[in-house]
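# Summary of structural features
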Amino acid sequence: MRRLALIIGFVGLVGCGPEFDPFHLANKFRILTIKTEPPELVLDPGLLTGEITGPVTLPPPVEMTALHPPADGIRWRWDVCLLSLDSLNGFQCVTPELEVTLPSTDDTATLDLLQVLTAIAGDFGGIPDGMGGADAMDGAACPPFLALPDGSCLGRLDVQVKVTAGPPGEEIVAVRKVPVYFDAEREPNRNPDVTGITVTGDPVRGGEITLTAELDDASLETFVNLSGDTRTERPVMSWFTTAGELQPGATFDDDRDTTLVLPTDETLDTVEVYVVVRDGDERRGIDFETVSITLE
Amino acid sequence: MRNRRTSLALLVGALFTPGVGWGQTPAEEAPPAEEAPPAEEAPPAEEAPAEEAVAPALPDGFEPPRLLQEVQAAYPPEAQAEKLAGDVVLQLTVDEEGAVSEAAVVQSAHPLLDQAALEAGFQLVFEPAKMNGEPVPVQLNYRYGFTYVEEKVEVAAPVDEEQPTGTLEGRLYERGSVDPLPGVRVILRELELETFSDAEGRFRFEAVPAGPVIIAIEDDVYGDLEDEEVIQAGEAVEVTYRLEKESFGDRIQVFGKRPKKEVVRRTITVEEIRTIPGTNGDALGVVQNLPGVARTPFGQTDLILRGGGNTQAFLNQQPIPIPFHFGGVRSTVASALIESIDVYPGNFDPEYGRVSGGIVDIRLREPRTDRLHGYVEADFFDAGVLVEGPVGDNGGFAIALRRSYFDVLLANAPLPSSFSITTAPRWYDGQILYEYKKGGHRLRALAYGSSDQFESIIEEPPEQNTLIRGDAVAKLEWVGGQVEHTWDLDETVQHTLNVAYLLSGIEFGVGEIFRLDFLFHELYIRDTLRATLDDGLDLRLGMDVVNRWASIGALGAATGPPREGETGGGFGSDETVSIDYDDFEANCALFGALEWKLGPVLLVPGVRFDVFSTIDDYRLQPRFSARWEVTEGTVVKAGVGRYVEPPEGQDTAPGFGNPNLVAEDSLHYSVGFEQDFTDAINLDVSVYYKTFDELVTRAQSIDAASVDPSAAFGGTGPSLLNQGEGRAYGLEFLLRHDFSDRVFGWISYTLQRSERRDRPGEDWRLFDFDQTHNLVLIGQYKLTPKWSLGFRFRVVSGNPDTPIVDAVFDANTGTYVSIAGEANSTRQPTFNQLDIRVDREWVFDTWRLIGYLDLRNALNAANAAGFQYNYDYTQRTRAFEIPIFPSFGLRGEF
């Protein structure tokens, strides 16, 4: 309680920040997002317990793409971990046995969950200490890594995908969690659908152009949020540019326009612009689009 | 017309039993002592005749007590009607500190006069009696004489029987405070008449020849005054003079020092609280200037004593839920109602428990009951009002209210369109105090509460964290009351029962991503019995109970708050917090302590037994302290004890913490000495060592069987375990000049080291507030009665810091998450700050106005407060604490 009071005490103490490069300026190699298609999986728990009683739909492979500014000489590595620690602990995988490396060497990869589970089950000889004793869940046994001490099972597993990319010695790390729900009845979330970026205005050096994210509103779903309320997804658009200045760098809901102040640098011929669209709040759906602006 | 006179006090006999505490042999069994000289400043006129005193056979080396602060007994108005007069002889027990600890009537005049004498007697202050140079408690007889004077006090000798005469009467008040001035000399020189004002400041001359007369008033402190009045034949001329203080006396103000029995108890008086620079007169803000208390950066509110462990703030021995308002600028209890603050940095008494850090005990003063008093004050942060006065014959009340006005100021301030404030940071607090005293009973009822609130709407979140949008709410509120009854059953037994109820709530929300609601109902019961078993042997027994009903809810995207030693975390992360549970806990403790005086040695063995229902844990905590008065003014002291602290509520919450946690354990050791150089200057040096065991820290592996995977991997982070340990050791030095008429100040220095080991096998790391050196210099000097100048200078080692060595991009939220390096492996630069305060007083007839300028960081030192980073933590720049910051304040009081 005292610690909380301390945190709250800071709420009002927001000061002016120093002049750093803005978040929207993608002027170096970085990962702007990782899109997974689909964004989450639903798995019949019977697949794990072996107690399948009817027809089962196998989870589709998850196609993953890392969005980044153009760069040469990048090495890519994709790892998947079934149980990872939280952000306070750097997203580390709980044990190496729960982690596998995917066969990919570029900015895309495919996650086949059943294949990963099979691989891990093959490597993973026992139950981690303290993870419980595979007690029953509705009469069925939990897989070891999902069992809780009270006999129940975790209802959701956040499979973590870790991307390590960059020139040798300068790698950066990005993570994406793919929720796997052990609930055959759940309607899985879908990614929003952004179909393009409309450019309005003449792209002259030093001038301004307007960028509009073309988002299919039909892709915005209704869902029940953490509080139990039914809501419609509130899209968030994060804009990035390899040069110039975006005003603003993020737009929300129906406000899908931003202004790009183009650079005056004569050595630049083109500017790459990206929009990453999230379906907002605690939803994890993502889509992105790219447009290349040729400077006049 | 009231004609009465209260005689001055006169010491008529001192009966002593050196080396024996209160409860000693009754006075009549001892021979009468020699007559002590009356206090120099006492008005000598018309005193009741002193009884013949026969000098006793004083033992060699004995020095009788000497009166330092005389207090005249007020002549009760009811006595006037009955024309009461007579002598009341009190038997006073004067302790080693010179305070009157006991008073009893041994010669009665009338119940009304007895009561008046008793009330005055308790306020007398002596230089203690000494045996071979060492202070000793004594009993002595002290007489108050009450004289009923029906008519004039001074009658001029008739110059001419035919000459018409009149009466001159008047009253003397202190200008500003309107307090009556007793003992001031009033002279009619031409008539060779003089008198002294009585306890109510009255004087009277009769049969003064008609015509002009020069009235002269002479006083060392209030200066001289001459005035001319015309006496009308057969009439009474009434005059009123308001005298203004013009100089200082040499008197040291003694604020009822209580005898020490703890190893370390440091007391701050209200006078010190009001004027220490850099604190805006805030009570708890002053605490950080004492040795053993860590400096916290501007805006933080933690009280960290002797290298850690929680510290509990008490108000009249019951906990305050939230001691500070937002940002730590102001404490939630009005400073003007505080008599003093006792700070126990360690080795505290068994009466206190459930924390392993220290204790800050705020003692409220009694309401003033002579008439209606009050003040209105305002400064940069807030404004407050206080009213106090009598209720009936035996009661008094005080009401204090305060409100900040940031919200009013910000309502008209230009803000970015992306950010609108619904309710700016604002706070309220208030206290209503009622006290009733009669006979051996004292009843004190207190209602109090505090409210902090902040609400804003974030229209356009920052682009590097787009999850935080919508309304942001922070509310901290508590309200409650306590009733305390103290009953002196006889001279040797006192019983105190204090019952307090508190309702407190916390509401916190960040957009639609995180909500937190805490609600607590708390009932505190503290029952204490103090008894004198024998000469020099006192016993305290008690019970300390807290019943807490808690409703805790938290939901949203957030990590748990970072724990001590951790960095990072926050709202809008990809983790999910989900807590919703109600809980009841009944924590009960029994405590007992003996105070055993063996000549110059005081031994205080004690024990406390705590039961914690929620965690199903109980602990026995033996504690022991000793003080040895080696020579006059020199005390050697030592203490050792066990202290237990239960985990905080959220740490045991199912699904968030670990319900299987047990209490944290700590051992305190300390030794030291105290040296009084003069009545006002004293030195206190202590060294201490503390250990911590079973500290609650975050699990980072799943090897331990008690880890709850639902907490570890359900999104809120690993669970918690009792696996940490810690140690803290240091030296504390306090050289202090107590508050006097003219000067006060202190030099406080702490040398310390505090370390933690979070998990078995890991290396020791520094505690978050490990401050190797902490030097505080405070001084305040009254240049004139109206101007005073003060300063505070602090040099403190920078706090340990954890470097950020990397960052991971979290694609789910589109934000970067910092990766911390070795915990607290670097240190912020040394902090230094000079604060200056100037006070000016304007005195009007019936009220006073005090204005001050408090200039914080007068040298505009650039004190580092960590780093600010860019979005991916590849760039950083230093952040600094507040630059030079002037603050003004005004206070009008009557």
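Scroll up for the structure.
Worth saying up front: this structure is predicted, and the values here are computed from it rather than measured.

Quick look at the overall build of chain A now. Per the secondary structure count, chain A includes 3 helices and 20 strands. Among the 296 residues that make up chain A, the fraction classed as buried is 50%. Across chain A, the fraction of contacts at a sequence separation of at least 24, relative to all contacts at a separation of at least 6, is 63%. For chain A, the accessible surface area stands at approximately 12,900 Å², while carbon and sulfur atoms represent 48% of it.

The next point concerns the pattern of salt bridges. All names here are of chain B. Applying the stated criterion across every chain yields a total of 73 salt bridges over all chains. With a closest N to O distance of 2.8 Å, Lys130 and Glu632 form a salt bridge. Taken together, the residues span a long stretch of sequence, with Lys130 in strand β8 (residues 129–131) and Glu632 in the loop between β35 (617–631) and β36 (634–645) at a distance of 502 residues. On the basis of relative accessibility, which here comes to 37%, the residue Glu632 falls in the partly exposed class. One salt bridge connects Glu200 with Arg202, and the closest N-O pair in it is separated by 3.5 Å. Its relative accessible area of 18% is what places Glu200 among the buried residues.

In this section: the nonpolar core. Membership of the largest hydrophobic core comes to 68 residues, with the highest contact counts inside it found for Val287, Leu315, Ile338, Ile341, Leu364, Phe514 and Trp746 of chain B. Leaving out residues up to four positions away in the same chain, Val287 of chain B has contacts with Ile268, Val293, Leu303, Ile341, Val343 and Val360 of chain B.

Okay, the sheet that holds strand β3 (residues 62–63) of chain B next. Residue and element names in this part refer to chain B. If you walk across this open sheet you meet the 3 strands as β3-β8-β9, and the pairing is antiparallel. This sheet does not close on itself; its edge strands, each paired only once, are β3 and β9 (134–136). Pairing of β3 with β8 involves 2 bridges; the strand directions are antiparallel. Residue pairing for β8: Glu63 is matched across the bridge by Lys130.

Residue and element names in this part refer to chain B. Read from one edge of the open sheet, 4 strands run β14-β13-β16-β17, paired in antiparallel fashion. Of all strands in the sheet, those with a lone pairing partner are β14 (193–196) and β17 (225–231), marking the two edges. Ignoring strand direction, the axes of neighbouring strands in this sheet form an average angle of 25°.

Right, let's talk about unusual backbone geometry for a bit. Residue Pro38 of chain A is bonded to the preceding Glu37 of chain A through a cis peptide linkage, with omega at 0°. Considering the arrangement of structural elements, one finds Pro38 of chain A in the loop between β1 (33–37) and β2 (41–42). In this chain, Gln247 of chain A is followed by Pro248 of chain A through a cis amide linkage whose omega measures 0°. Relative to the assigned elements, Pro248 of chain A resides in the loop between β16 (245–247) and β17 (250–252). Unusually for a residue other than glycine, Asn824 of chain B sits at a positive phi of about 50°. Within the secondary structure layout, Asn824 of chain B lies in the loop between β46 (815–820) and β47 (826–827).

All names here are of chain A. For the structure shown, the criterion picks out 1 disulfide over all chains. Covalently, Cys81 is tied to Cys93 through a disulfide, its sulfur atoms 2.0 Å apart. Between Cys81 and Cys93 the disulfide shows an S-S torsion of about 85°. By sign, it is right-handed. Taken together, the residues span a long stretch of sequence, with Cys81 in strand β4 (residues 75–81) and Cys93 in the loop between β4 and β5 (99–102) at a distance of 12 residues.

Before going further, it helps to examine a nonpolar patch on the surface. Residues and elements named next belong to chain B. There is a patch of nonpolar side chains on the surface, built from Met543, Leu590, Val607, Phe609, Val611, Tyr618 and Leu620 and spanning about 600 Å² of accessible area. Counting residues per element, the ones that place at least two in the nonpolar patch are β34 (601–612) and β35. No other element matches β34, which puts 3 residues into the nonpolar patch. Mapped onto the fold, Val611 is located in strand β34.

With that settled, consider the environment of Pro164 of chain B. Residues and elements named next belong to chain B. Considering the arrangement of structural elements, one finds Pro164 in the loop between β11 (154–155) and β12 (165–174). Each C-alpha atom, one on Pro164 and one on Ala210, is 5.8 Å from the other, the two residues being 46 residues apart in sequence. Look past the residues within four positions of Pro164 in its chain and what remains in contact with it is Val208, Pro209, Ala210 and Ala233.

In this section: the pairing of strand β15 (residues 236–241) of chain A. All names here are of chain A. Most of β15 sits out of view: 6 of its 6 residues are buried. Burial of β15 is two-sided: the residues Val236, Ser238 and Phe240 facing one way and the residues Met237, Trp239 and Thr241 facing the other way are all buried. One ladder, built from 3 bridges, connects β15 with β17; its direction is antiparallel. By the bridge assignment for β17, Met237 is matched with Thr251. Bridge analysis of β15 against strand β19 (residues 270–278) gives 6 bridges, and the strand direction is antiparallel. What sits directly across from Ser238, in β19, is Val276.

Criteria and thresholds
Residues numbered from 1 in each chain as written. Chains lettered and ligands numbered in written order. Predicted model: local features only at pLDDT ≥ 70, side-chain atom pairs only at ≥ 80, totals over all residues. Heavy atoms only, no water. Helix = DSSP H or I, 4+ residues; strand = E, 2+ residues; numbered from the N terminus. Buried < 20%, exposed > 50% of the residue type's maximum accessible area, 1.4 Å probe, protein only. Contact = heavy atoms within 4.5 Å. Areas by Shrake-Rupley, 256 points an atom, 1.4 Å probe, with all protein chains shown as cover. Salt bridge = Lys/Arg side-chain N within 4 Å of Asp/Glu carboxyl O. Core = buried A, V, L, I, M, F, W, Y, C linked by side-chain atoms within 4.5 Å. Pairing = 2+ DSSP bridges. Axes fitted to C-alpha atoms, helices over the stretch in contact; angles between N-to-C directions. Disulfide = S-S within 2.5 Å. Patch = residues over 30% accessible without salt bridge, like charges linked within 9 Å, V, L, I, M, F, W, Y side chains within 5 Å.

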